Amino acid sequence: MKSTDYGRTDGRRDYIFGDAELRRGICEKLISLMRDSGYKETVTPTAESYEVFSADPTRPMGNSVYKFTDEQNRLMALRCDCTVPIARIAATKLTDTPLPYRMFYCQNVFSAPSSGNRLTEETQCGAELIGTDPQSSIEADTEILELAAKCMKALFGENFSIEIGHGRLFTTLAELYGIDGETAEAVRKLIETKNFASIESMDIPKPFKMLPKMFGNASSEDLASLDKLTEETGSEKIKEIIDYIKTIIIKLKEKGYGNCLSFDLGLVGRLDYYTGIIFGGFVKGLGHSVLLGGRYDSLTAKFGRKLAATGFGVTVDDIFDLLKDKKEENAEKGPARPVRIALTKGRLETKTVEMLEKNGIDCSSLKNKGRKLVFPLDNGRFEVMLVKSRDVITYVEHGVCDLGIVGSDTIAEYGTAVYELANLGFGKCRMALAGTAKYKNDPDSFFGGYSKKVIATKFVNVAKRYAASKKADVETVSIEGSVELAPILGLADGIVDIVETGDTLRENGLEIIEEIFPVSARIVANIAATKLRKKEIDEILSDVFKV
Ligand code: PRP
């Protein structure tokens with residue numbers, strides 16, 4: 001091993017000198033706020049029985065948790081969450097302690113990353129309010145939200161936003177309209193990612209279509225707009241939920257947090273975990289939420305004692321990144337940068353330019369671009385960056401671009417952490433399984449038999465999901481381009497790829513075995529930007545893209 005390898009800490013961080021001080025300062029600030037609010041520190045073991053963490057039914061345990069066996073051969077897990085062990089303590093060790101319990105933590109969590117840059121060891125700091133009277137959950141939720149807002153304010157001044165939704169709204173609607181099982185999960189996912197285009201095209205009751213569009217700030221006008229859902233459903237249960245959200249926001253407004261509050265009924269969260277309000281905290285300069293929280297009244301019961309519970313946690317490493325580069329201050333103080341759009345180079349670029357010109361935007365700079373990659377358009381109102389399809393998702397996910405134009409094939413493969421705001425209708429093609437003529441239109445014969453089939457593809461995740469839907473055991477080979485060569489040369493039995501005219505397949509003696517899903521160009525958006533730059537983004541979507 002080269003000595004330089006000792007300096008590598010892939011997915012984990014060394015905090016050195018000033019960085020360590022900054023990180024420690026963040027933790028101390030949070031801890032002292034939590035202490036001053038009457039919360040007491042709780043420290044849980046770094047490794048616990050695997051069963052403890054699997055008590056949360058929504059946690060994907062699989063490969064994302066570090067597991068090992070202890071000296072007695074018991075299956076253990078490194079701490080992958082801080083709330084679950086605290087729920088365990090509240091249910092099992094505090095039975096003689098008077099309720100409620102105000103507990104805080106500041107400790108590390110470990111998770112094997114499924115993709116990208118997330119750290120595998122992070123410091124989380126959070127507060128839990130457990131065992132309050134179930135009849136006064138609104139007071140408990142207000143207390144925990146106020147503490148969350150205090151923490152954000154202490155770190156970021158006025159440059160943050162806390163967004164509130166409700167974890168029971170979707171399930172209540174689903175019960176009301178008799179939607180369950182796979183359909184409910186499919187609709188929930190579309191709402192969660194604000195996939196307006198797909199939701200609109202679905203044959204589902206109107207209230208589901210309303211949910212992702214119902215977000216706004218704490219103004220009386222925006223809050224009043226929430227009543228539309230009550231009116232549309234005529235349901236007393238929905239009214240209760242809407243009134244709950246409104247009351248909390250009004251209470252927090254009275255405490256002086258009105259400017260940093262918003263609501264989003266499309267915040268549907270982990271269905272079996274959150275039993276009441278859910279909320280996220282966003283800061284300019286970071287593409288995802290820095291704070292997450294909500295009500296989870298079912299969790300302690302998994303450990304044998306039912307207690308009402310609400311809480312939140314922040315990721316200290318995210319806060320460190322923001323404060324170290326003063327990203328949030330620069331984002332606020334510097335001249336507001338224009339909305340940035342990452343555009344997929346090539347075919348979609350040409351079609352997008354045609355559409356923009358039709359909508360009255362001068363694109364001459366984009367048409368005579370030379371080697372330039374950044375193009376201010378519409379008198380600098382927005383700027384376009386030309387990038388490869390995969391990178392559109394990366395730039396938008398990280399929030400350095402607010403919007404992106406990319407095919408739904410790329411979104412299906414990589415786009416789990418972006419909102420999908422509109423279907424632009426062009427760039428139409430199909431994702432398909434293709435192979436030699438003997439399998440033409442016959443997926444059963446392709447997947448049948450005892451030998452494992454090999455699929456070559458650029459879309460490994462799509463291919464794996466598709467094979468799983470066929471209950472087939474396949475191998476995938478990742479190929480970057482001209483994937484049609486793989487079955488011709490005998491590297492694979494078939495390919496999963498996009499087909500537009502079908503010429504490439506035809507000219508290489510290949511046939512479609514089955515179409516998997518239709519593909520077209522979509523507008524994707526960074527999650528935080530849709531909340532922090534809502535007005536500008538809405539205007540660009542309607543003026544520039546006419547969607
Ligand atoms: C895409 C796709 C197919 C081809 C399909 O490749 O991977 O190979 O287009 O189009 P058709 O049905 O109209 O023939 P692309 O041209 O983007 O290049 P690549 O093979 O290098 O990915």
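Our subject is the structure listed above.
If you're wondering where the values come from, they're calculated on a predicted model, not measured in any experiment.

**Remarks on the environment of Ala529**
Here Ala529 is to be found in helix H22 (residues 527–532). Judged by its relative accessible area of 7%, Ala529 falls in the buried class.

**Observations regarding the packing of aromatic side chains**
Enumeration over the complete set of coordinates arrives at eight aromatic pairs. Centroid distance Tyr177 to Phe208: 6.0 Å. Interplanar angle 65°. Geometry classified as edge-to-face. In this pair, Tyr177 is assigned in the loop between helix H5 (169–176) and helix H6 (181–192) and Phe208 in helix H8 (residues 206–210), connecting sequence segments 31 residues apart. Their ring planes at 20° and their centres at 5.8 Å tell us that Tyr273 and Tyr296 sit as a pair that is stacked. Here Tyr296 lies in the loop between strand S11 (291–295) and strand S12 (309–315) and Tyr273 lies in the loop between strand S9 (261–264) and strand S10 (277–283), a separation of 23 residues in the sequence. The exposure classification of Tyr273 matches that of Tyr296, with both residues buried. An aromatic cluster of at least three residues, connected via ring pairs, comprises Tyr439, Phe446, Phe447 and Tyr466. Across the ring face of Tyr15, the terminal group of Arg23 is positioned such that the distance to the ring centre comes to 5.5 Å. Positioned above the aromatic ring of Tyr414 is the side chain of Arg390, whose terminal nitrogen or guanidinium carbon lies 4.0 Å from the ring centre.

**Things to note about the nonpolar core**
Soluble globular proteins tend to bury their nonpolar side chains together. Judged by nonpolar contacts, the single largest core of 72 residues is most densely connected at Ile164, Phe279 and Phe312. Of the residues forming this core, the biggest block, 11 residues, is contributed by helix H4 (residues 137–156). Counting residues domain by domain, this core receives three or more from each of domain 1 (13–153 + 305–333) and domain 2 (161–282). Residues Tyr419, Leu421, Ala422 and Ala525 belong to the second largest nonpolar core, which totals 35 residues.

The rules behind the values
Residues numbered from 1 in each chain as written. Predicted model: local features only at pLDDT ≥ 70, side-chain atom pairs only at ≥ 80, totals over all residues. Heavy atoms only, no water. Helix = DSSP H or I, 4+ residues; strand = E, 2+ residues; numbered from the N terminus. Buried < 20%, exposed > 50% of the residue type's maximum accessible area, 1.4 Å probe, protein only. Phe/Tyr/Trp six-rings, centres within 6.5 Å; stacked < 30°, edge-to-face > 60°. Lys NZ or Arg CZ within 6 Å of the ring centre and 35° of its normal. Core = buried A, V, L, I, M, F, W, Y, C linked by side-chain atoms within 4.5 Å. Domains from an automatic or database assignment.

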